[in-house]
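Coordinate analysis (summary)
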Amino acid sequence: MQNRFSVVSSKSFDKGIASVVGLAVYDKDRLEWVHHAVESVLNQSYKDFVFVIVIDGDVSNAILAFLKELSRNESRVIVIISES
């Protein structure tokens, strides 16, 4: 079986960025938990990072809408949707 991925929005970053923060989102996660986790990462004092969020499987429409909007409005966030 081959996994397929789609990226919600593509971005370019300075070559100096070396920090990547990852978060996997699954079908059992609640919007409140995802929102809290995202805010916790984005509110860190260190700001020079890329935040990659992977949606692995089905998630609620509310979570999907939140992450798509976040990706459009936050330059450090990349959302990847696994289409397996």
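So, how was this worked out
- Residues numbered from 1 in each chain as written.
- Predicted model: local features only at pLDDT ≥ 70, side-chain atom pairs only at ≥ 80, totals over all residues.
- Heavy atoms only, no water.
- Core = buried A, V, L, I, M, F, W, Y, C linked by side-chain atoms within 4.5 Å.
- Buried < 20%, exposed > 50% of the residue type's maximum accessible area, 1.4 Å probe, protein only.
- Helix = DSSP H or I, 4+ residues; strand = E, 2+ residues; numbered from the N terminus.
- Contact = heavy atoms within 4.5 Å.
- Axes fitted to C-alpha atoms, helices over the stretch in contact; angles between N-to-C directions.
- Parallel < 35°, antiparallel > 145°, perpendicular 65-115°, else oblique.
- Left-handed = near helix turned anticlockwise from the far one by under 90°.

Core analysis: the biggest nonpolar cluster contains 19 residues, and Val 25, Val 38, Phe 51, Ile 53 and Leu 67 have the highest contact counts within it. Sorting the residues of this core by element identifies strand 2 (19–25), helix 1 (31–42), strand 3 (49–56), helix 2 (61–73) and strand 4 (77–82) as the ones contributing at least two each. Ranked by residues supplied to this core, first place goes to helix 1 with 5 residues. When sequence neighbours within four positions are dropped, the list of residues in contact with Leu 67 reads Val 25, Val 34, Val 38, Ile 53, Ile 55 and Val 79.

Where helix 1 contacts helix 2, the axes come no closer than 9 Å and their chain directions differ by 20°. If you check the angle between helix 1 and helix 2, you find them roughly parallel. The hand of the helix 1/helix 2 crossing is right-handed. Contacts between helix 1 and helix 2 involve Leu 31, Val 34, His 35, Val 38 and Leu 42 from the former and Ala 62, Ile 63, Phe 66, Leu 67 and Leu 70 from the latter.

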